[in-house]
Amino acid sequence: MERWSSRLVFILAAIGSAVGIGNIWRFPMIVGQNGGGAYLIPYFLAVVCLAVPLMILEMAVGRHWRSNLVASFGLAGRKLEAVGWLVCLIVLLILSYYLVITGWTLAYLVFSLLGSGVSFSAFSSSLQPVIFFMISVLVTGVIASLGVNMGIERIVSFMIPFVFLILLALTLFSISLPGFRPGMDFFLRPDYSMLSRPEVWIAAIGQAFFSLSVGMGVLITYGSYLKTDADIPQSALIITFFDLLASMLAGMVVFSLVFTFGLEPAAGAELAFSTLPRAFGLMPYGRVFSVLFFALLFSAALTSAISMMEVNVAAIMGQSGVSRKRASLFLVILLAGIGAPSALSYSSLDLRFYGSRILDLMDVSVGTVGLSFSALLVAIAFRWFISDDVLARETHLSRRQLSAVSNLTKYAIPIALLMITVAMIM
C-alpha cells in the first residue's frame, strides 16, 4: 500500500483537501449572508468542538485499519460496507458539481490572463461551462491516476504554498484599499443579536464540516497512507489552523473589495464570478489582481477535488482489485455523465428541474443535507461500533483529552449533525 513520503506532505495534502472553494468563495459569502462578525463566534466554536474531534477520529481510523473507506466501514461492522458505499456515492455527487464550479474558476483564470472581461451571464449563456467542466474532470482524473506519491504529493507540494503566497499578497494589497476599515468592521465586529437566530448556528456548523472536509471519508483515506510515527492530534491542529487562516485572509480580501467599490456583502454565489470581476475592472492593476484571485480559486478548488476523487479511487481499487488507472478512468467517465446536468444548467441550454437549476438543487440536497448526513454516518459508525482503544492507541492523548474527544464524537457531534440534517430538510 502507498504511503506519504513524509508527515509534512500529508499535512499539505490534508490542508489541500480542507482549503478549497469553501474557504475562498463560500466562507465570505456565508459570513455576508449571516450578519458578518456575529457568524464567526458559532463558526469557531463549531470548528473547535465538532470538526476537530471528528477529524482526529477519521485520521485515527484510517491509520489503524490501513484500508479504504468502504473496507473501514466493513471492519467497523459486518453489515456496514453498504453504508461505506453510500458515503462514497455522496462524495461522488458532491464532486460532480464541485468540478463544475472548478471549471468556472479555470475559465475566469483564462479570461483574466487573456484580459477579456467576460460577464458571468455571457459565460453561462454559452457552452463554455461544459467545456471547462470536462477539462477539470480530466485534470483531476489524471492526477489521481498517477498515485499518491507521483500525483497527489507533487501537486499539493507546489499548490498549497502557492495558495498561501497568493492569499498573503492579496491581503497585503487589500490593506491599502479605502474599504479595508469598513470591511473589517463588518467582518470582525459582531452584532450579538444575530446569535439568537438558529439559522446562523446551522450555517456555521455546516460550514465548519464543509470547510475542513470532515465527514466525507477523505481523512480516513488520507490517514490510511499515514506513517505510524505521525502525531495525529498535532497534525489536526496544524491543518485546522491553516484552514482558518485561509478563511480569514479570504474574508479580509473579499470584504475590503466589497466595501471599496460599494458592493453588497450578502451578494451570494454571484460575488466571485459576477460582482468581483467588475470591481477588478475599476481598480489600478485590476488585471493582475484578477489573475491572482482566480489562480487562487482554481488551485484551492483543484486540491479539494483531488481529495474527493481519491476517496472513490481507493474504494474501487480496494474492493474490486482493479488498477489505479482503470479506477480513475471509470470515475472520469462517470463524473462526466453525472456532472453534465449541473454544467448544462449554467449554460446556453439552461437545464432546470421544476424551475430550479440542477447545480443549485445538487448544492442544496447533496452538498448541504447530504454532507451532514454523511458526517453523521461516519461519526456513528466509528464511535458506536469500535472501542475507545483504537482512538487511544492511535492518538496517544491524555486520559482527559481522550475522554473529551470520545464524548464529543460519540454524543455531541451525532446529535448536532442530526439536528442540522433535520433542520435543513425542513
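Residues numbered from 1 in each chain as written. Predicted model: local features only at pLDDT ≥ 70, side-chain atom pairs only at ≥ 80, totals over all residues. Heavy atoms only, no water.

Observations concerning a nonpolar patch on the surface
(1) Moving on: Taken together, Ile380, Trp384, Phe385, Tyr411, Ile415 and Met419 make up a surface patch of nonpolar side chains, about 630 Å² in accessible area.
(2) Moving on: Considering each element in turn, the nonpolar patch owes the most residues, three residues, to helix α18 (residues 399-425).
(3) Moving on: One can find Ile380 in helix α16 (residues 358-384).
(4) Moving on: Here Ile380 falls in the partly exposed class, since its relative accessible area comes to 32%. (Patch = residues over 30% accessible without salt bridge, like charges linked within 9 Å, V, L, I, M, F, W, Y side chains within 5 Å. Areas by Shrake-Rupley, 256 points an atom, 1.4 Å probe, with all protein chains shown as cover. Salt bridge = Lys/Arg side-chain N within 4 Å of Asp/Glu carboxyl O. Helix = DSSP H or I, 4+ residues; strand = E, 2+ residues; numbered from the N terminus. Buried < 20%, exposed > 50% of the residue type's maximum accessible area, 1.4 Å probe, protein only.)

Considering the pattern of salt bridges
(1) Moving on: Applying the stated criterion across every chain yields a total of seven salt bridges.
(2) Moving on: Salt-bridge contacts for Arg352 lead to Asp350; the nearest nitrogen and oxygen are separated by 3.1 Å.
(3) Moving on: Under the relative-accessibility criterion, Asp350 is labelled partly exposed at 31%.
(4) Moving on: Between Asp350 and Arg357 there is a salt bridge, with the nearest N and O atoms lying 3.1 Å from each other.
(5) Moving on: It is possible to trace a salt-bridge network through shared partners that takes in Glu2, Glu310 and Arg324.

A look at the side chain of Ser124
(1) Moving on: Following the sequence through the fold, Ser124 ends up in helix α6 (residues 120-124).
(2) Moving on: By relative accessible area, Ser124 is classed as buried at 13%.
(3) Moving on: In this structure the side chain of Ser124 is engaged in a polar contact, spanning 3.4 Å, whose partner is the backbone oxygen of Ser121.
(4) Moving on: If sequence neighbours within four positions are ignored, Ser124 has contacts with Pro129, Tyr346, Ser347 and Ser348. (Polar contact = N/O pair within 3.5 Å; in protein donor to acceptor, adjacent residues only side chain to side chain. Contact = heavy atoms within 4.5 Å.)

Structural notes on unusual backbone geometry
Residues other than glycine predominantly adopt negative phi, and peptide bonds predominantly adopt the trans conformation.
(1) Moving on: Although it is not a glycine, Tyr285 adopts a positive phi angle of roughly 55 degrees.
(2) Moving on: With respect to the secondary-structure elements, Tyr285 resides in the loop between α13 (270-282) and α14 (286-320).
(3) Moving on: If you check the backbone angles, His396 has positive phi at about 55 degrees while not being a glycine.
(4) Moving on: With respect to the secondary-structure elements, His396 resides in the loop between α17 (388-395) and α18.

Section: the packing of helix α7 (residues 128-145) against helix α15 (residues 324-345)
(1) Moving on: Packing of α7 against α15 brings their axes to within 9 Å, and their N-to-C directions diverge by 160 degrees. Here α15 runs roughly antiparallel to α7, going by the angle between their axes. Of the two elements, α7 crosses α15, and the hand of that crossing is right-handed. Listed contacts from α15 to Pro129, Val130, Phe133, Met134, Val137, Leu138, Gly141, Ala144 and Ser145 of α7 are Arg324, Lys325, Ser328, Val332, Leu335, Ala336, Gly339, Ala340, Ala343 and Leu344.
(2) Moving on: A breakdown of the residues in the contact of α7 with α15 according to their chemical character gives 13 nonpolar, four polar and two charged. (Axes fitted to C-alpha atoms, helices over the stretch in contact; angles between N-to-C directions. Parallel < 35°, antiparallel > 145°, perpendicular 65-115°, else oblique. Left-handed = near helix turned anticlockwise from the far one by under 90°. Nonpolar A, V, L, I, M, F, W, Y, C, P; charged D, E, K, R; others polar.)

With respect to the packing of aromatic side chains
The geometry of two aromatic rings is summed up by the distance between their centres and the angle between their planes.
(1) Moving on: Taken as a whole and assessed by the stated rule, the structure comprises 37 aromatic pairs.
(2) Moving on: Ring centres of Phe120 and Tyr346 lie 6.1 Å apart, and the angle between their planes is 50 degrees; this geometry places the pair in the tilted category. Residue Phe120 is located in helix α6, and its partner Tyr346 is located in the loop between α15 and β1 (352-353); the two are separated by 226 residues in the primary sequence. You'll find Phe120 and Tyr346 in the same group, each marked buried.
(3) Moving on: The interplanar angle of 40 degrees and the centroid separation of 5.3 Å between the aromatic rings of Phe280 and Phe289 together place this pair among those described as tilted.
(4) Moving on: Positioned above the aromatic ring of Phe210 is the side chain of Arg26, whose terminal nitrogen or guanidinium carbon lies 4.5 Å from the ring centre.
(5) Moving on: The ring centre of Trp384 lies 4.8 Å from the NZ or CZ of Lys410, which sits over that ring. (Phe/Tyr/Trp six-rings, centres within 6.5 Å; stacked < 30°, edge-to-face > 60°. Lys NZ or Arg CZ within 6 Å of the ring centre and 35° of its normal.)

What to know about α17
(1) Moving on: For α17, the full list of buried residues reads Val390, Leu391, Glu394 and Thr395. Down the axis, α17 shows its buried residues gathered within 105 degrees of arc, on one side only.
(2) Moving on: Buried residues belonging to α17 abut α3 (37-65), α12 (232-260) and α18. (Arc of directions from axis to C-beta.)

Section: the nonpolar core
(1) Moving on: Core analysis: the largest hydrophobic core is formed by 164 residues, its most contacted members being Trp4, Tyr39 and Phe382.
(2) Moving on: The contacts of Phe382, once residues within four sequence positions are left out, are Leu57, Val61, Trp65, Ser72, Phe73, Ala76 and Ile220. (Core = buried A, V, L, I, M, F, W, Y, C linked by side-chain atoms within 4.5 Å.)

Such coordinate-based values are descriptive only and should not be taken to indicate function.
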